[in-house]
Amino acid sequence: MTSRRQFIKISAAGVGAATIGINAASGFNLFGSKDETGPASDEDLTPYPTYCEVCFWKCAGWAYVDKKGNIRKIIGNKKDPHSNGRLCPRGTGGIGMYYDEDRLKTPLIRETDSEGNDYFREATWDEALTKVADKMKQIANKYGPEAFGLFNHGNPGGHLEHLMRAYGSETNAEPAFAQCRGPRSVAYYSTFGAYIGSPENTDIRDTRCLVLIGSHIGENMHNSQVQEMSQAIENKATIITVDPRLSTAAGKSTFWLPIKPATDIALLLAWIHVLIYENLYNKEFIDQYAFGFDLLKEHVKTMTPEWAYGITTIEPEMIRRTAREMAGAAPNVVIHPGRHAVWYGDDTQRERAMAILTALLGAWGKRGSLYFAEKISLPHYPQPEYPEPKWTWRDLNNGKYQLATMGITTELLKASIPENNPKHRVRAWLVAGTNLPLSMPDKQLFKKAADSVEFIAVMDTMPMEITGYADVVLPEATYLERYDFLRASQNRIPNVALRMPAVEPKYDSKPGWWISKKIGEKLGLDEYFNYNDYSEVIDWQLKQIGTSLEEMKKIGVKSFPRTEGPLYLADGEDFEFNTNSGKIELYSTDLADAGFDPIPVYKKHPEPPPNFYRLIYGRAPMHTFSRTSNNHNLWDLMNENNVWINPKIADIWELKSGDFVWLKNQDNAVTTFPVKVRVTERIRWDSVYMVHGFGHSDKKLSRAYGRGASDEEMITNVMIDPIMGGTGMRGNFVTFLKEDPRKEVKA
Amino acid sequence: MRYAMAIDTKKCVGCGDCVVACQTENNVPHGYCRDWIVENVSGSYPSVQIELRSERCNHCDNAPCVRCCPTGASHIVEGGIVLVTHDECIGCGACIESCPYDARYPHPEGYVDKCTFCKHRVDKGQNPACVDVCPTHCLHFGDLDDPNSDVSKALKNRKWKVLAPEAGTEPQLYFLT
């Protein structure tokens, strides 16, 4: 069993291109011959509509293809509210995903040689798909289809999710919940009876005051939000940023509150205290819409700015001043709900405090606060109902995390390990669009779970680390080479966007819909795949909403009138919130019923021991998690992460910018690769900062391999949010090693 | 006519979109760039400031690169755009040495290359690729002689600076501060 799970580096299925360093005079040219080196005239290029898959913002644009069939550039679609005609660096550089010479090129099947070593054999599609389908049949017969789990993220995962639901399994989880937005979803739902959604319904464009609690807009390149923050700067809106690091956004803020990490709830409660006890809150709004104000008032009575000062290190006068600033701009205030919210394990409560602050300012459903987003509802293509599974991801939580709205990745991993005696054991996995070894904390849990299951199939475009654990690797075509689901995300105006192939799939890669359909057919699930080409599904859906594939090919994005009412709440309008009380719950009855604090409480978190520093991680604008590090265009912009160290700390360690160190954490975990030091005043003395997604260990990622260090390797202490199962990842402390600790010592 | 660019450092987030858009628009080889981001950090924690700048060739009125070019490959065309004629460039690198802004690089095919203000687009009445892609709208381009141009309007009500004014190059990138 264990040998079968040997990690395989995808073996020479192509040319192992040498790493091309910055300014290496390699002469490597994207388009080969010399006559094509100049700029192409737009008239010679054909634009094909697409929406981006480099991140979840899904900006619509045009892929420009020349007469030889080369994609030359990708430009935003001016009618698209996600991009407004301007893609971010990753969208512009999405071209590098298509041209990446390290792509998965053909299906691969794990084999074992006579000496017991595992290797990958190149296979035909039919062989690979038959292998997956046979295993699915076998699992279904032996344990029921529910025992086949799915880890998914983004569009490709969606096609497999359809396959799995048709097959009878709803045992799925995506990192988007327990490793990302989960606490926010649960907190805002329990307060306002509504989710924030994606793209967030933040009216930054028209706000008078933007409050960022650790959100690093501009480093997280959520396109329209970055654009709107720029408009807010233009409009001279007040920006208040709370961050232990001088983020890019903090650098552009009116007020930067350099908070001590893990103390945000204390600051939020003190702000709430000031608003209530200085009578700055929106009394009419609270009287009409809120539940539990008196309980809240009593709760925060002693939580003065002076109380919070000792905890947060933010001066009381600054706490008062910023609270008054928000009240002055109310209700046109965006308390940004954040996105990646799993920090300290009490994250739902922090998000709750943010939601309560929002309510006190009346900053809900008002211009310049959080608007009522709307999306177009796409009718389902006529197919039979999915079979009802006997158990689902919910049953893996063993009665815990009642408020979770999506599968919890860590619980799916735990249920894969027999030693845990899971009530429902997961026996096999499909994985798509998520690189679990680099996206999940607690690597040991992942490895043990991967070792325990009978079978893993991975669908991806790149030889990500997760492919090394697979029995079958399914090379997916990139978003530029395939039809896909229509994008029908929420926004100010409902809209739909088309993704169609700009070019044929490179190598022997195939679209996700095709892979799912072929497996489905092998399982006899033909009635769930009742089309020859996914474009038929899209065309049918588009016709139901009054357009067509033909029209969408010309325009890419189409908007529709709102039908669910105006963008904002009218003053004094009767409005019932979708909560137990029908009101905004300052005191949460949901949380009270589930046995949790109904009003957020500040709880002290552990602090770093001497010579250790809290590890804070975040994003860089030119990369998406670990998935873009090998993209040549984006690699050119940033090819490794650094560890940010305050100069005073660097002095103690005699470190200077450009030195390399290995990081060691409180549990003696050490990074595989060293990471370059960046000595900077932008970080506190008690913390260090790294951009997430580097330190790839698979050599087949020829550019990304060994570049920078993986923050996930340092995240061994995971603080679980008891409310929804989120994995708090910012309670890890690291120190520096100047020598490779694995270097053999001569006797 | 005098083409120029204004860069709003208050809005720039340093994302590098201008760099990658230039790369795909102008087919700049991997590992090189015609524009780039500079981050200046001053002060000490917690009183710290950051200035982010998207930089490129300054298309100087008094361009040292043109004055030192032995073949005439580096030259100035209408609107003040500084260009390099690839066929006339011998790749000696004198211009690279003379540029106070490090705006030029040796193209692997043997000539010196740099920002052209996307002349092929500007001639058609479009903006340079970097200007049209920028998510923060921090780049403003146009004709300084036209008071209604984007760049003229951007400079009108804002404080600005140029880089290395002491070099006397009369640069045409204006950084709004």
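In this text the structure is predicted, and so the values were computed from the model without any measurement.

**With respect to the overall build of chain B**
- Secondary structure summary: chain B contains six helices and 10 strands in total.
- Its C-alpha radius of gyration of 16 Å places chain B within 12% of the 16 Å reference for a compact globule of 177 residues.
- In chain B, which comprises 177 residues, the proportion classed as buried is 60%.
- Residue pairs in contact within chain B that sit at least 24 positions apart in sequence constitute 55% of those at least 6 positions apart.
- Between the centroid of the 17 positive side chains of chain B and the centroid of its 23 negative side chains there is a distance of 6 Å.

**Section: the side chain of S224(A)**
- Residue placement: S224(A) occurs in helix α6 (residues 223-234).
- Those residues in contact with S224(A), other than ones at most four positions away along the chain, are W57(A), P81(A), H82(A) and N84(A).

**Describing the sheet that holds strand β1 (residues 46-51) of chain A**
Residues and elements named next belong to chain A.
- Strand order in this open sheet of three strands is β1-β2-β3, and the pairing throughout is antiparallel. Strands with a single pairing partner mark the edges of an open sheet, and in this sheet they are β1 and β3 (71-76). Neighbour to neighbour, the strand axes of the sheet diverge by 30° on average, direction disregarded.
- In this structure, β1 lies alongside strand β2 (residues 60-65), joined through six bridges in antiparallel fashion.

**Describing the sheet that holds strand β9 (residues 160-161) of chain B**
All names here are of chain B.
- Strand order in this open sheet of four strands is β8-β1-β10-β9, and the pairing throughout is mixed. This sheet does not close on itself; its edge strands, each paired only once, are β8 (139-143) and β9.
- Of the pairings in the sheet, the one linking strand β1 (residues 3-8) to β8 comprises five bridges and is antiparallel in character. Bridge pairing links I7 to L139 in β8.

**Observations concerning the layout of surface pockets**
- The volume enclosed by the second largest pocket comes to roughly 1,200 Å³.
- If one sorts the elements of the lining of the second largest pocket by residue count, strand β2 (residues 36-44) of chain B sits on top with four residues.
- Tallied by class, residues from the lining of the second largest pocket come to 23 nonpolar, 11 polar and 12 charged.
- Each of domain 1 (181-367 + 567-593) and domain 2 (613-737) of chain A accounts for three or more of the residues forming the lining of the second largest pocket.

**Re the packing of helix α11 (residues 305-312) of chain A against helix α12 (residues 316-329) of chain A**
Residue and element names in this part refer to chain A.
- Contact geometry of α11 with α12 gives a least axis separation of 8 Å together with a crossing angle of 115°. Here α11 and α12 pass one another in a crossing that is right-handed. On the side of α11, the interface is formed by P305, E306, A308, Y309 and T312, while α12 contributes P316, I319 and R320.
- Broken down by class, the residue content of the contact of α11 with α12 amounts to five nonpolar, one polar and two charged.

**A closer look at the environment of G708(A)**
Residue and element names in this part refer to chain A.
- Residue position: G708 is located in the loop between β23 (687-691) and β24 (719-720).
- Accessibility expressed as a relative area gives 3% for G708, which makes it buried.
- As for G708 and G693, which are separated by 15 residues in sequence, their C-alpha atoms are 9.0 Å apart.

**Things to note about the domain arrangement of chain A**
All names here are of chain A.
- By domain assignment, chain A separates into domain 1 (181-367 + 567-593) and domain 2 (613-737).
- For domain 1 versus domain 2, the distance between C-alpha centres works out to 29 Å.
- Taken together, the contact pairs 30 residues of domain 1 with 26 residues of domain 2.
- Our enumeration of links across domain 1 and domain 2 arrives at zero salt bridges.
- Contributing elements (two or more residues each) for the side of domain 1 that touches domain 2: α5 (175-192) and α13 (347-360).

**Section: the packing of aromatic side chains**
Residues and elements named next belong to chain A.
- All told, the structure shown has 37 aromatic pairs over all chains when counted by the stated rule.
- Positioned above the aromatic ring of Y64, the side-chain terminus of K73 is 5.4 Å from the ring centre.
- Between the NZ or CZ atom of K506 and the centre of the ring of Y98, over which it lies, the distance is 5.4 Å.

**Re α11(A)**
Residues and elements named next belong to chain A.
- Within α11 the residues assigned to the buried category are P305, A308, I311 and T312. All buried residues of α11 lie within an arc of 115° about the axis, which places them on one face of the element.
- Where α11 is buried, its residues meet α8 (264-277) and α12.
- Among the residues trailing α11, T313 stands out with phi positive, at a value near 70°.

**So, the packing of α8(A) against α13(A)**
All names here are of chain A.
- Close contact between α8 and α13 brings their axes to 9 Å; oriented N to C, the two are set at 20°. Overall, the two elements α8 and α13 adopt an arrangement that is roughly parallel. Of the two possible hands of crossing, α8 and α13 adopt the one that is left-handed. Side by side, α8 and α13 meet where D264, I265, L268, W271, I272, L275 and I276 of the first sit next to Q349, R350, A353, M354, I356, L357 and L360 of the second.
- Its residues placed into classes, the contact of α8 with α13 shows 11 nonpolar, one polar and two charged.

About the thresholds
- Residues numbered from 1 in each chain as written.
- Chains lettered and ligands numbered in written order.
- Predicted model: local features only at pLDDT ≥ 70, side-chain atom pairs only at ≥ 80, totals over all residues.
- Heavy atoms only, no water.
- Helix = DSSP H or I, 4+ residues; strand = E, 2+ residues; numbered from the N terminus.
- Rg over C-alpha atoms; globule rule 2.2 N^0.38 Å.
- Buried < 20%, exposed > 50% of the residue type's maximum accessible area, 1.4 Å probe, protein only.
- Contact = heavy atoms within 4.5 Å.
- Lys, Arg positive; Asp, Glu negative; His and termini not counted.
- Charge placed at Lys NZ, Arg CZ, Asp CG, Glu CD.
- Pairing = 2+ DSSP bridges.
- Axes fitted to C-alpha atoms, helices over the stretch in contact; angles between N-to-C directions.
- 1 Å grid on protein atoms, 1.4 Å probe; cavity = no way out; pocket = protein on both sides within 12 Å on 5 of 7 lines; lining within 4 Å.
- Points joined across faces, edges and corners; volume = space filled by probe spheres on them.
- Nonpolar A, V, L, I, M, F, W, Y, C, P; charged D, E, K, R; others polar.
- Domains from an automatic or database assignment.
- Left-handed = near helix turned anticlockwise from the far one by under 90°.
- Salt bridge = Lys/Arg side-chain N within 4 Å of Asp/Glu carboxyl O.
- Phe/Tyr/Trp six-rings, centres within 6.5 Å; stacked < 30°, edge-to-face > 60°.
- Lys NZ or Arg CZ within 6 Å of the ring centre and 35° of its normal.
- Arc of directions from axis to C-beta.
- Parallel < 35°, antiparallel > 145°, perpendicular 65-115°, else oblique.

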